[in-house]
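# Structural overview for review
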Amino acid sequence: MQISRVLIAICAVAGATSLSPALADSSDWYVGAGVGETTYGISGGDYALPSLTMVHGSQHTEDSATAFRFDLGYRFSRYLAVEGLYSNFGSASSSFTTTTPANHFTGSTKISGEGVGVVGFLPLTGDFEFLGRAGLFRYKSDVNLAIATTSTFPPVFTFSYPVSSTSGTTQYIGVGADYALGRGLTLRAAWDYFRAKDNHVFTPYDTQEMFGVHLLSLELLYSW
């Protein structure tokens, strides 16, 4: 499995680095929990059926959501750690209204998953440091599509497509900063970027377009 190979490589590099006497002054486990905001960067057309491309209408997209994040990591030295994560990105929604015929389409996507990566640190003072990280993320998405006919004739009806669940593996990168609060507690602010094909996440159609998920988070870590 690709994730397993990456984890083995990360551990090998981190273990070699920890042998250096100059970097062996910090070896700690840590856990973290935080909240943030997800921005999906999608358009209303991501949920529209292909047959609607020539139909006049309007669209509305809510592409931001509240996210939750949990981390478990081991810091081999002042400069390097390996980190596992679980994140729930929240739900993005979009709607598309057509005039001829008079239909209202809605869609929503919920994404969550887990990953593993490596974190590099740049200490500036005893309490403050910058960080950069990268890794692999295994995600699952649940897509729900529905259509409501708003014409007076034939009668109004609603049709919901079966919920489509898909999964995939993508890469992520991130940057952030840590501030030590004392007693093993650290406050972390970070930005992370996840990338994958939108036909694996947002629609059942083979669009093969790329999308990016931006996650801004604030997290409290505890190390021991």
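Predicted, not measured: the structure shown is a model, and the values here were computed from it. (Residues numbered from 1 in each chain as written. Predicted model: local features only at pLDDT ≥ 70, side-chain atom pairs only at ≥ 80, totals over all residues. Heavy atoms only, no water.)

So, about the pairing of strand 4 (residues 80-98). Examined bridge by bridge, strand 3 (residues 64-75) and strand 4 share eight bridges and lie antiparallel to one another. In the sheet register, Gly-73 faces strand 4, and the bridge partner there is Glu-83. Linkage of strand 3 to strand 4, two consecutive antiparallel strands, is achieved through a turn of four residues. (Pairing = 2+ DSSP bridges. Helix = DSSP H or I, 4+ residues; strand = E, 2+ residues; numbered from the N terminus.)

As a further point, take unusual backbone geometry. With phi around 55°, Arg-183 is a residue other than glycine that occupies positive phi space. Mapped onto the secondary structure, Arg-183 falls in the loop between strand 8 (164-182) and strand 9 (185-197).

This part covers the pattern of salt bridges. This structure, assessed with the given rule, holds nine salt bridges. Taking the shortest distance from any N to any O, the salt bridge between Arg-133 and Asp-192 comes out at 2.7 Å. Here the residue Arg-133 occupies a position in strand 6 (residues 128-149), and Asp-192 occupies one in strand 9, the gap between them amounting to 59 residues. A salt bridge links Arg-188 to Asp-178, with the nearest nitrogen and oxygen atoms 2.8 Å apart. Taken together, the residues span a long stretch of sequence, with Arg-188 in strand 9 and Asp-178 in strand 8 at a distance of 10 residues. Taking relative accessible area as the criterion, Asp-178 reaches 4% and is therefore assigned buried. (Salt bridge = Lys/Arg side-chain N within 4 Å of Asp/Glu carboxyl O. Buried < 20%, exposed > 50% of the residue type's maximum accessible area, 1.4 Å probe, protein only.)

Moving on to the nonpolar core. If you look at the biggest cluster of nonpolar residues, it comprises 12 residues: Tyr-40, Ala-67, Leu-85, Phe-89, Ala-92, Ile-111, Phe-137, Tyr-139, Tyr-172, Phe-194, Val-213 and Leu-215. Where this core is concerned, the elements lending two or more residues are strand 4, strand 6 and strand 10 (210-223). The element best represented in this core is strand 4, accounting for three residues. Excluding residues that lie within four positions of it along the chain, Leu-85 makes contacts with Arg-69, Phe-70, Asp-71, Gly-113, Glu-114, Gly-115, Phe-137 and Tyr-172. Judged by nonpolar contacts, the second largest core, of six residues, contains Ala-81, Val-119, Phe-121 and Leu-131. (Core = buried A, V, L, I, M, F, W, Y, C linked by side-chain atoms within 4.5 Å. Contact = heavy atoms within 4.5 Å.)

Here we take up the confidence of the model for the protein chain. Per-residue confidence for the protein chain gives a mean pLDDT of 76; residues scoring 70 or more make up 65%. Predicted confidence for residues 44-54 stays below pLDDT 50, and this span has 25 contacts to residues more than four positions away or in other chains. This model gives residues 199-208 a pLDDT under 50, and the stretch forms 29 contacts once residues within four places in sequence are excluded. (pLDDT = per-residue confidence, 0-100.)

Quick look at the packing of aromatic side chains now. Within the structure shown, the criterion is met by 10 aromatic pairs. Above the ring of Phe-121, the side-chain terminus of Arg-75 is found at 3.6 Å from the ring centroid. (Phe/Tyr/Trp six-rings, centres within 6.5 Å; stacked < 30°, edge-to-face > 60°. Lys NZ or Arg CZ within 6 Å of the ring centre and 35° of its normal.)

If you trace the backbone, Thr-186 turns up in strand 9. Its relative accessible area of 17% is what places Thr-186 among the buried residues. Excluding anything up to four places from it in sequence, Thr-186 contacts Asp-178, Tyr-179, Ala-180, Leu-181, Glu-219, Leu-220 and Leu-221.

Right, let's talk about a nonpolar patch on the surface for a bit. A surface patch of nonpolar side chains, amounting to about 1,000 Å² of accessible area, comprises Trp-29, Val-31, Leu-72, Tyr-179, Leu-181, Leu-185, Leu-187, Leu-218, Leu-220, Tyr-222 and Trp-224. Mapped by element, the contributors of at least two residues to the nonpolar patch are strand 1 (28-39), strand 8, strand 9 and strand 10. With three residues, the single largest contributor to the nonpolar patch is strand 10. As for its position among the elements, Leu-220 is in strand 10. Judged by relative accessible area, Leu-220 falls into the partly exposed class, the value being 41%. (Patch = residues over 30% accessible without salt bridge, like charges linked within 9 Å, V, L, I, M, F, W, Y side chains within 5 Å. Areas by Shrake-Rupley, 256 points an atom, 1.4 Å probe, with all protein chains shown as cover.)

With that settled, the discussion passes to the environment of Val-35. When you line up the elements, Val-35 lands in strand 1. The spacing of Val-35 and Leu-215 is 180 residues in sequence and 9.7 Å in space, taken between C-alpha atoms. Excluding anything up to four places from it in sequence, Val-35 contacts Thr-66, Ala-67, Phe-68, Leu-216, Ser-217 and Leu-218.

Relative to the helices and strands, Gly-113 resides in strand 5 (residues 103-123). The sequence separation of Gly-113 and Arg-138 amounts to 25 residues, and the corresponding C-alpha distance is 5.5 Å. Setting aside residues up to four positions removed in sequence, Gly-113 forms contacts with Leu-85, Tyr-86, Ser-87, Phe-137, Arg-138 and Tyr-139.

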